[in-house]
Amino acid sequence: MDLIEVASMRVATSRADLALAPGEAVLGGGTWLFSEPQPEVRGLVDLAGLDWEPVTDLPGGRLSIAATCTLAQLRDAAPLFGAAASVVEHCVDALLGSWKIHRIATVGGNICLALPAGPMTSLASGLGATAVVWTPDGGERRIPVAEFVTGVRATLLEPGEVLRTIEFPATPAWVSHRRASLAPLGRSAVLLLARHDDAGFTLTVTASTPSPRVLAFPSLPEVGDLSAAIGTIVDWYDDAHGAPDWRRAMTLRLAEELRAEAAS
Ligand SMILES: Cc1cc2nc3c(=O)[nH]c(=O)nc-3n(C[C@H](O)[C@H](O)[C@H](O)COP(=O)(O)OP(=O)(O)OC[C@H]3O[C@@H](n4cnc5c(N)ncnc54)[C@H](O)[C@@H]3O)c2cc1C
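A. Spatial organisation of the sheet that holds strand β4 (residues 55-58). Reading across the sheet, the five strands line up as β4-β5-β10-β6-β7 and stay open at both edges, with antiparallel pairing between neighbours. In this open sheet, the two strands that pair with only one neighbour each are β4 and β7 (140-144). Here the strands of the sheet are splayed against their neighbours by 25° on average, with no regard to which way each runs. Relative to strand β10 (residues 162-168), strand β5 (residues 62-66) runs antiparallel, the two sharing four bridges. Counted as the bridge partner of I65 is I166 from β10.

B. Looking closely at the packing of aromatic side chains. In the structure shown here, the tally under the stated rule is three aromatic pairs. Between F81 and F168, the ring centres sit 5.3 Å apart and the planes meet at 85°, which makes this aromatic pair edge-to-face. Separated by 87 residues along the polypeptide, F81 in the loop between α1 (71-76) and α2 (85-94) and F168 in strand β10 bring together distant segments of the chain. Look at F81 and you get buried, because its relative accessible area is 2%. Measuring from centroid to centroid gives 6.3 Å for F201 and F217, while their planes differ by 50°, and the two rings are tilted. Of this pair, F201 sits in strand β13 (residues 200-206) while F217 is found in strand β14 (residues 213-217), placing the two residues 16 residues apart along the sequence. F201 gets classed as buried once you look at its relative accessible area, which sits at 0%.

C. Focus on the packing of α2 against helix α5 (residues 119-126). Across the interface, α2 lies against α5 with an axial gap of 8 Å and an inter-helix angle of 155°. The orientation of α2 with respect to α5, classified from their angle, is roughly antiparallel. Together, V87, V88, C91, V92 and A94 of α2 and P119, M120 and L123 of α5 make up the contact between the two elements. Class assignment for the residues of the contact of α2 with α5 results in eight nonpolar, no polar and no charged.

D. View of the domain arrangement of the protein. Taken as a whole, the protein is organised into domain 1 (8-49), domain 2 (55-168) and domain 3 (174-263). For domain 1 versus domain 3, the separation of C-alpha centres amounts to 35 Å.

E. Seen up close, the site of the ligand. What surrounds the ligand is a group of 28 residues, the closest being V26, G29, G30, T31 and T106. Within the backbone of V26, one N or O atom sits 2.6 Å away from an oxygen atom of the ligand. Taking 960 Å² as the accessible area of the ligand by itself, protein coverage stands at 86%. Only β2 (24-27), α4 (107-113) and β10 provide two or more residues apiece to the shell around the ligand. Broken down by element, the shell around the ligand gets its largest block of residues, four residues, from α4. Grouping the constituent residues of the shell around the ligand by class yields 18 nonpolar, nine polar and one charged. Counting residues domain by domain, the shell around the ligand receives three or more from each of domain 1 (8-49) and domain 2 (55-168).

Conventions and cut-offs
- Residues numbered from 1 in each chain as written.
- Predicted model: local features only at pLDDT ≥ 70, side-chain atom pairs only at ≥ 80, totals over all residues.
- Heavy atoms only, no water.
- Pairing = 2+ DSSP bridges.
- Helix = DSSP H or I, 4+ residues; strand = E, 2+ residues; numbered from the N terminus.
- Axes fitted to C-alpha atoms, helices over the stretch in contact; angles between N-to-C directions.
- Phe/Tyr/Trp six-rings, centres within 6.5 Å; stacked < 30°, edge-to-face > 60°.
- Buried < 20%, exposed > 50% of the residue type's maximum accessible area, 1.4 Å probe, protein only.
- Parallel < 35°, antiparallel > 145°, perpendicular 65-115°, else oblique.
- Contact = heavy atoms within 4.5 Å.
- Nonpolar A, V, L, I, M, F, W, Y, C, P; charged D, E, K, R; others polar.
- Domains from an automatic or database assignment.
- Near = heavy atom within 4 Å.
- Polar contact = N/O pair within 3.5 Å; in protein donor to acceptor, adjacent residues only side chain to side chain.
- Areas by Shrake-Rupley, 256 points an atom, 1.4 Å probe, with all protein chains shown as cover.

Following this line, the structure appears as structure tokens:
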């Protein structure tokens, strides 16, 4: 779609270029920005020119995924995630776009857009990743992705801030996921990630809630403890992709499947 209010377009090649003028927005892949009118946006600053390395190994088995890493590049890097490789692939596939969309849409754009069905938010929050944010004064701040996304189309990004990278901790010994949607090729209505290791059992609920909900247990919980923890969630998401009571019921059912899988 033509963005008729946009009067300027810059390609950032250095951090200094990320000083945003009033009305300027950063451009990741543009798969959302160009999909609907953007009456507030007067200029675009393309992050592609920064040429950030999409995937970088960090000490201790950690991985840094640049905000500009495309979904296709992330899928190619899935083996680096070890036990979480198939979960990475499933989360990429959960964005039901064509290969053309996957080759352009970025991990950072998906998280910053902050849709409940944002599969990169699901993946990053479910694996305990940290958002590294560049601030306009030249500094940076680090926020767990599960806290970075605060609601529907809402994040902790302040004006002028840019998501630089997402740092993933070493993959836990066991990770699995469950996903549900109303139609076989429908948008995610529930997307759960569970991880289990020496640190305990963590269930991250996404898509059925406006923002990620992390339920952590010191060890594998009993059925009742897990359902009681899910019962503390009160704001089930409601849109055309699923009614709140159905999302709650599916979350309970799929969470129990994950608990049983971890126990087996
Ligand atoms: C067929 C199709 C299916 C889709 N399905 C889904 C889906 O299931 N779930 C879903 O969540 N989305 C979906 N989308 C929407 C969108 O394509 C994705 O969310 C995509 O990942 C957005 O990434 P992008 O790089 O294209 O973001 P852009 O469109 O470039 O940007 C999105 C927003 O994030 C901001 N932004 C981008 N990068 C940064 C950064 N590094 N720092 C700060 N702000 C930034 C932009 O300013 C903009 O406000 C779909 C789109 C299509 C076309």
